[in-house]
Amino acid sequence: MAVRLVGFSRERLAAVRAALALIWCRLARPPGPIPGDLQEFLQSILSGVRPEVTIVYGGADGVCAVPFARTAGYRILVCDRGLIPRTHLPALLFHELIHVARGQELDAEAFESAWFSQAEGARLPTGDDWQIFKREAYQGWWVRLDPRSRRVTDYADRLVVTFSPPARRRSARRERRPSWPSPRERNRRSSA
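Figured I'd write up the structure that's included with this text. Within every chain, residues take consecutive numbers counted from 1 along the sequence as written. Selection of residues for local features in this predicted model requires a pLDDT of at least 70, selection of side-chain atom pairs for listing and counting requires 80 or more, and totals for whole chains, interfaces and linings are taken over all residues. In computing side-chain properties, one takes all heavy atoms of the structure into account and sets aside hydrogens as well as water.

### Concerning the sheet that holds strand S1 (residues 3-6)
Any two strands with at least two DSSP bridges between them are considered paired. Segments assigned H or I by DSSP are reported as helices when at least four residues long, segments assigned E as strands when at least two residues long, and all are numbered from the N terminus. Read across the sheet, 4 strands follow the order S1-S2-S4-S3 without closing on themselves; strand pairing throughout is mixed. Pairing within the sheet leaves two strands with one partner each, and these edge strands are S1 and strand S3 (69-72). Each strand axis lies, on average, 20 degrees off the axis of its neighbour in the sheet, ignoring direction. The sheet contact formed by S3 and strand S4 (residues 75-79) spans 4 bridges and is antiparallel. Residue Thr71 lies in a different strand from S4, and its bridge partner there is Ile76. Docked against the sheet, helix H1 (residues 10-28) engages S1 and strand S2 (53-59), running at close to 155 degrees with respect to S1. Lines are fitted to the C-alpha atoms to define the axes, a helix being fitted only along its stretch in contact, and any angle between axes, read from their N-to-C directions, falls within 0 to 180 degrees. Note on contacts: a residue pair is in contact if any heavy atoms of the two residues lie within 4.5 Å.

As structure tokens, then:
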């Protein structure tokens, strides 16, 4: 494979290699529909035909304080959160490799959910993901989303996945809590 791994401990390095090997096996026998050019892109990334991809361990601080991973060009930054548990790593790396292959967030989320179960680490799209889908007019590079039915199809109209409904956010009114005690709480405290 033409993937360079940087900064991983021996144990984490073994986990990343195992995750990439699983992705390679699934590309050889796809568990679901995949456009031919995406499959070829991903195989060429892993086989070394395309420019080298660098996967870097990013730790838990700075840019890695919140995300599981980030991608920029041919570089994937894997954060501590993305390595726990290790069984979720293949789905995470598959998602990021789709971005390397020029896929948008909808492409990455759709194929991640279609090719990996939640037990294997596929994560349901978050509220932020749904905002990105909307901003990108529910279109990816290889797929499109019907926001009403939540069905994702490729451009050959093959069903890729149907997303669960997005989690509803609590209203700001419910989340806002005063930082001082209410009059009722003050009275209870003073009488105690």
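### Remarks on helix H2 (residues 36-47)
The span expected for a helix works out to 1.5 Å for each residue beyond the first. Between its terminal C-alpha atoms H2 stretches 16 Å, which fits the 16 Å expected from 12 residues at 1.5 Å a residue. Accessibility here uses a 1.4 Å probe with only protein chains present; expressed as a share of the type maximum, an area under 20% marks a residue as buried, one over 50% as exposed, and anything in between as partly exposed. When we look at burial in H2, the residues that qualify are Leu38, Gln39, Phe41, Leu42, Ser44, Ile45 and Leu46. Lining the buried residues of H2 we find S1, H1, S2, helix H3 (89-100) and helix H4 (105-115). The first or second residue beyond H2 is Gly48, which carries a positive phi of 100 degrees.

### So, the state of the cysteines
The term disulfide is used for any two cysteine sulfur atoms that are within 2.5 Å. Within this structure, the stated rule accounts for 1 disulfide. Here Cys64 engages in a disulfide with Cys79; their sulfurs sit 2.1 Å apart. Disulfide Cys64 to Cys79: torsion about the S-S bond roughly -70 degrees, handedness left-handed. With Cys64 in the loop between S2 and S3 and Cys79 in strand S4, the pair connects residues that are 15 residues apart, well separated along the chain. Cys79 matches Cys64 in its accessibility class, with the two residues each being buried.

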